[in-house]
Amino acid sequence: MPTPCLIVHNGQAFALADVPCIPEEAFRTWICASTTAGMRMIALWCVQGKDRSMLYGLLAHDKNQSLRLCSCLVGQEYPALTPECTQAHLFEREIFEELGIMPKDHPWLKPVRFPQTSHHPQKTIGEMDFFQIKGEEIHEVGVGPVHAGVIEPGHFRFQCQGEKVKHLEISLGYQHRGIEQTLCTATASMRRHLMEVASGDTTVGHTWAYCQSMEGLGGCKVPPRAQAIRAIALELERLACHIGDMGAISGDIGFLPTSSFCGRIRGDVLNMTATICGNRFSRGLLRPGGVAYDIDQSMAENLLLRLDKAWKETDGALQLFWDTPSVLGRLEHTGMISLETALDLGFVGPVARACGLKQDVRQNFPSPPYDAHTIPLVTGKLGGVFDRAKVRTKEINHSVAFIREMLTRLPKSSIMAPMPSLPAKRMVVSLTEGWRGEICHIAQTGPEGTLAHYKIIDPSFHNWFAVAYCLRDEGISDFPLCNKSFNLSYCGFDL
Amino acid sequence: MLANLLLTRKRQGSHTMAYPHGPAPVLPQRFPGMPGIVADLCMPDCPAPCIQACSTEAVTRIDGHIQIDTGKCLFCRECEQACPCGAICFTGQHRLAAARREDLIIDSMPTHGPAAKNINATKSFGHSFALRVVSAGGCGACEADVNVLNTLAWDLGRFGIHYVASPRHADGLLVVGPVTKNMETAIKVTYAAIPAPKYVIAVGTCAVSGGMFLNMNECNNGVDTVIPVDLYIPGCPPHPLTILDGLLGFLGKCPGLE
């Protein structure tokens with residue numbers, strides 16, 4: 001008999017009472033059987049109760065384009081899902097660290113973020129039992145939290161045999177600011193500010209997911225023009241980051257022309273965003289109910305001209321990149337991730353697509369305007385640096401075409417709808433496709449219609465393990481290149 | 001191959017910036033720069049919705065006068081929209097950096113930006129200033145715009161300012177982020193590793209005051225609650241021009257300020 005899970009839709013709220021609560025054993029069977037059958041774990045989270053806590057599992061069936069939700073009650077401990085469902089490993093570690101609920105027999109129960117209120121016995125950041133390989137030929141390399149470049153902090157521990165990396169362990173948490181914990185008590189306007197900085201280079205992705213969750217709960221219908229402007233901002237964000245990263249990849253292999261060109265063109269794209277809302281990182285643009293800034297006819301024309309110019313320059317810079325044999329030599333067969341690994345560990349976004357997985361929120365679980373204006377889904381084959389760079393190059397092309405279409409045909413409507421107050425005891429799952437991949441926000445209201453629980457899952461939460469994994473048996477000198485082909489967010493993971 | 005490279009280079013064209021000898025890059029019309037208060041329009045008996053509108057306690061009323069602490073300001077314009085008298089307005093002025101924290105507080109229309117110059121730093125490092133950049137809870141946006149100054153058009157190196165990979169090679173520390181509890185030790189250790197004389201620059205509103213992370217359990221309220229700060233550059237994130245202007249002002253190299 002199939003498990004009675006609830007089919008949910010992106011951005012549409014449902015009553016908390018509608019979520020089936022099944023026995024712990026049945027929940028376990030449901031998760032393990034579904035993930036073995038190819039479903040993907042979007043989220044596993046726990047809402048603490050008085051004696052027992054509610055454990056929720058959200059799975060995606062990417063082929064059927066459906067989202068499934070189920071729950072069970074757990075006490076202070078329960079048998080870990082991880083031994084049978086690898087995708088759950090980090091979620092279970094998170095639940096233990098935050099709430100002290102013990103997933104028994106978890107094979108890798110290490111700290112995640114080292115919050116001040118941690119329930120993990122290892123509470124001090126930097127003091128962790130790192131996995132070690134012993135042997136005369138093995139040496140250990142520790143990097144971070146402060147890195148040589150201008151990037152976010154994190155600790156990387158390599159176990160190397162000669163030049164070869166045998167194992168890489170990544171320990172994060174240095175950027176932990178406590179965003180999730182603060183959200184439920186913050187004012188509405190403060191919540192929006194916090195969402196904008198959940199991961200600062202994905203401001204639109206996260207703020208859209210947040211706005212969509214509030215609109216879903218409140219039953220607010222966003223005007224089409226606002227939806228279009230949001231999508232323009234989201235694709236501009238993707239464009240800026242992909243172009244910047246292509247430049248950075250180019251820089252890390254010492255191919256300076258494309259590195260120099262892309263570094264500058266990225267700025268031109270950020271400046272287009274600043275033309276719309278005054279800020280290069282879209283701060284203040286999205287609000288629950290719509291957007292705060294309109295794009296009038298003359299601005300749209302101006303943006304189109306600048307988009308065409310930026311596109312021509314990017315195209316030239318990237319063609320040069322892909323036409324250079326020495327570049328291809330460095331990209332091919334570097335930082336490989338197999339399709340099986342991507343499925344087992346539940347990777348998302350361009351990382352998963354580079355392995356050949358057809359997985360994109362804009363295609364699989366689209367919210368307007370992506371339901372009517374589709375963006376082609378780009379996949380790679382082999383899942384290495386080459387494919388990740390190729391996927392990103394193609395996504396640049398598609399985003400440009402999409403923005404062009406949106407700017408030429410902006411729907412005529414208002415840009416803001418009134419935001420009703422939130423009803424009691426409801427829940428919503430809100431997904432957007434940020435440039436790093438699937439962003440998931442889950443909001444739940446309490447008996448008084450205030451926010452009772454809020455969960456954020458940045459794509460980096462799924463994908464950091466991919467960085468560690470792709471370095472196995474790779475030369476340590478290729479770490480910068482491999483890392484850059486992902487360019488994951490530290491603060492999105494740490495929150 | 002070579003021909004292709006040269007042709008692409010030619011097509012990209014020249015993007016040399018006129019600044020600082022010529023005009024600064026034009027900022028967009030909607031860019032929120034230094035805020036100002038028109039004292040005549042601000043009524044002492046006003047219920048001051050601007051104070052409630054601010055999420056970060058940047059707007060306060062002292063002796064009946066509204067003040068904005070740009071060191072706490074997210075430049076979100078909520079106070080400007082809330083003001084019933086039109087007394088608050090955000091100008092397009094990019095100059096925001098100040099050497100003293102109290103100079104970031106404004107209560108009138110700005111005539112010129114705050115003073116950023118540090119005489120000792122100018123003497124010691126006016127010609128060559130090596131900075132160690134550390135993110136301590138930054139969201140990635142300030143890092144990105146600090147990095148942008150190293151791209152070819154901005155070309156930070158032409159001013160003798162460069163980012164270095166070790167604190168031992170540095171003359172100063174540039175910090176972004178409010179300094180999370182988990183980065184506190186790392187910041188102190190990095191600071192201690194820089195040989196004296198050394199200067200600390202806080203970039204971004206959360207580095208200046210904690211910003212939106214004000215009084216959150218996992219964060220400190222800005223860099224100066226952990227180590228002494230010599231230059232404050234507010235903004236969320238500050239525009240690259242604001243950061244550059246602040247650095248140049250600090251070293252006494254700013255156009256129009258010598």
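Preceding this section is the structure that the text describes.
What counts, and where the lines are drawn
Residues numbered from 1 in each chain as written. Chains lettered and ligands numbered in written order. Predicted model: local features only at pLDDT ≥ 70, side-chain atom pairs only at ≥ 80, totals over all residues. Heavy atoms only, no water. Pairing = 2+ DSSP bridges. Helix = DSSP H or I, 4+ residues; strand = E, 2+ residues; numbered from the N terminus. Contact = heavy atoms within 4.5 Å. Axes fitted to C-alpha atoms, helices over the stretch in contact; angles between N-to-C directions. Buried area = accessible area lost by both parts, 1.4 Å probe. Salt bridge = Lys/Arg side-chain N within 4 Å of Asp/Glu carboxyl O. Polar contact = N/O pair within 3.5 Å; in protein donor to acceptor, adjacent residues only side chain to side chain. Disulfide = S-S within 2.5 Å. Buried < 20%, exposed > 50% of the residue type's maximum accessible area, 1.4 Å probe, protein only. Parallel < 35°, antiparallel > 145°, perpendicular 65-115°, else oblique. Left-handed = near helix turned anticlockwise from the far one by under 90°. Nonpolar A, V, L, I, M, F, W, Y, C, P; charged D, E, K, R; others polar. Core = buried A, V, L, I, M, F, W, Y, C linked by side-chain atoms within 4.5 Å. Domains from an automatic or database assignment.

### Let's talk about the sheet that holds strand β14 (residues 437–445) of chain A
Picture the strands of a sheet paired through backbone hydrogen bonds; they go either parallel or antiparallel. Residue and element names in this part refer to chain A. Read across the sheet, four strands follow the order β2-β13-β14-β15 without closing on themselves; strand pairing throughout is antiparallel. Strands with a single pairing partner mark the edges of an open sheet, and in this sheet they are β2 (14–15) and β15 (451–457). In this structure, strand β13 (residues 426–434) lies alongside β14, joined through eight bridges in antiparallel fashion. Residue G434 lies in a different strand from β14, and its bridge partner there is G437. In the packing of helix α5 (residues 203–218) onto the sheet, the strands contacted are β13, β14 and β15, and the crossing angle to β13 comes to about 155°.

### Points about the interface of chain A and chain B
Taken together, the contacts link 62 residues of chain A with 55 residues of chain B. Here chain A and chain B share an interface that buries about 4400 Å² over both sides, 59% of which is from carbon and sulfur atoms. At the boundary of chain A with chain B, the tally comes to three salt bridges. There are 20 residue pairs in polar contact (both at pLDDT 80 or more) connecting chain A and chain B. Secondary structure elements with two or more residues in the side of chain A that touches chain B: α3 (179–183), α4 (188–196), α7 (256–277) and α8 (297–322) of chain A.

### Here we look at the state of the cysteines
Applying the stated rule across the entire model yields zero disulfides over all chains. Here C491 of chain A stays unpaired: no disulfide links it, and the sulfur of C139 of chain B, its closest cysteine neighbor, is 6.0 Å away. Residue C491 of chain A is classed as buried on the basis of its relative accessible area of 0%. For C236 of chain B, which is in no disulfide, the shortest distance to another cysteine sulfur is to C139 of chain B and amounts to 6.3 Å.

### Regarding the packing of helix α2 (residues 89–99) of chain A against helix α14 (residues 459–470) of chain A
All names here are of chain A. The contact between α2 and α14 brings their axes to 10 Å, and the two run at 120°. One way to sum up the angle between α2 and α14 is to call them oblique. The crossing of α2 and α14 is right-handed. Counting all contacts with α2, which are made through H89, L90, F91, R93 and E94, the residues of α14 involved are F461, H462 and F465. Residue classes in the contact of α2 with α14 are distributed as four nonpolar, two polar and two charged.

### Describing the nonpolar core
All names here are of chain A. Ranked by internal contacts, the top residues of the largest apolar core, which has 162 residues, are F27, L44, L58 and I295. With 13 residues, the single largest contributor to this core is helix α6 (residues 224–252). Per-domain counts for this core show at least three residues from each of domain 1 (6–104) and domain 2 (179–493). Filtering out sequence-adjacent residues up to four positions away, L44 remains in contact with F27, I31, L55, Y56, G57, L81, A88, F91, E92 and I95.

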